[in-house]
Amino acid sequence: MLGILLRVLGVGALVAGGVVVAVAALVATLLLGPLVFWVAWNVLDFGHAVGLPELGFWGIVLATVFLVVGWFPKVVITAIVFLVDPSWFHGTAQARWPEATFRNFVAAALLALLASRPHSHAQKRRAKGARGRTSFRGS
């Protein structure tokens, strides 16, 4: 009886540990993504370097989510923003290419890091699936 109890508790501890690690990774992603974007945009002044204003809290959160998610959520975010504030359609921006400084390079690299994260997983999945379906006909 004690052996069965220890096996059940061992599996339960393993599952609980896995859940804790998954939740910690999700929380770290949700907190670190906007922090990285804030550092790149507001602290390193990348927004100013490309001729755009600093962003507030919700602007940073939306921009981070926009960079990190796939195509369909980007469409949903764009639709929500334009439904909430349709005057954005009539706004203009004077964006320009940033100067070639180390500060702007670091800021652009941080934003690229955020933007490339989900796409790297999709490429791994696609490559793994394509490898399994290859057939060698005519050999």
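Residues numbered from 1 in each chain as written. Predicted model: local features only at pLDDT ≥ 70, side-chain atom pairs only at ≥ 80, totals over all residues. Heavy atoms only, no water.

Peer 1: It is not clear to me how the packing of aromatic side chains should be interpreted in this structure. Could you clarify?
Peer 2: Centre-to-centre distance and the angle between the planes together describe a pair of aromatic rings. Inspection of every chain in the model, using the stated rule, returns four aromatic pairs. Ring plane angle 75° and centroid distance 4.9 Å describe the contact between F57 and W58, whose orientation is recorded as edge-to-face. Here a set of aromatic residues connected by ring pairs shows up, and it is made of F37, W41 and F46. The ring of F66 has K74 sitting right over it, with the charged end atom 5.4 Å from the ring centre. (Phe/Tyr/Trp six-rings, centres within 6.5 Å; stacked < 30°, edge-to-face > 60°. Lys NZ or Arg CZ within 6 Å of the ring centre and 35° of its normal.)

Peer 1: So what exactly am I meant to see when it comes to the nonpolar core here?
Peer 2: Side chains of nonpolar character tend, in soluble globular proteins, to be buried together. Grouped together as the largest cluster of nonpolar side chains are eleven residues: F37, A40, W41, L44, F46, V50, I60, A63, A107, L111 and L114. Listing elements by their share of this core, those giving two or more residues are α1 (2–43), α3 (57–68) and α5 (102–132). Excluding residues that lie within four positions of it along the chain, A63 makes contacts with F37 and L55. (Core = buried A, V, L, I, M, F, W, Y, C linked by side-chain atoms within 4.5 Å. Buried < 20%, exposed > 50% of the residue type's maximum accessible area, 1.4 Å probe, protein only. Helix = DSSP H or I, 4+ residues; strand = E, 2+ residues; numbered from the N terminus. Contact = heavy atoms within 4.5 Å.)

Peer 1: When you look at the confidence of the model for the protein in this model, what are you seeing that I'm missing?
Peer 2: Chain-level statistics for the protein give a pLDDT mean of 79 and a share of 78% at 70 or above. Here α5 stands out as the least confident element of the protein, with mean pLDDT 72; helix α2 (residues 46–49) is the most confident, with 90. (pLDDT = per-residue confidence, 0-100.)

Peer 1: Would you mind showing me how to read the side chain of N42 here?
Peer 2: Note that N42 resides in helix α1. Side-chain polar atoms of N42 contact the backbone oxygen of L55, separated by 2.9 Å. With near-sequence residues (within four places) excluded, N42 lies in contact with F37, E54, L55 and I60. (Polar contact = N/O pair within 3.5 Å; in protein donor to acceptor, adjacent residues only side chain to side chain.)

Peer 1: What's the story with the side chain of T64 in this structure? I'm lost.
Peer 2: Counting through the fold element by element, T64 comes out in helix α3. With sequence-adjacent residues up to four places away left out, T64 is seen in contact with G33, P34, F37 and L114.

Peer 1: I'm lost on unusual backbone geometry in this one. Help?
Peer 2: What is expected of a backbone is that most residues other than glycine have negative phi and most peptide bonds are trans. At D45, a residue that is not glycine, the phi angle is positive and equals roughly 55°. Note that D45 resides in the loop between α1 and α2. Residue class for D45 comes out partly exposed when judged on its relative accessible area of 28%.

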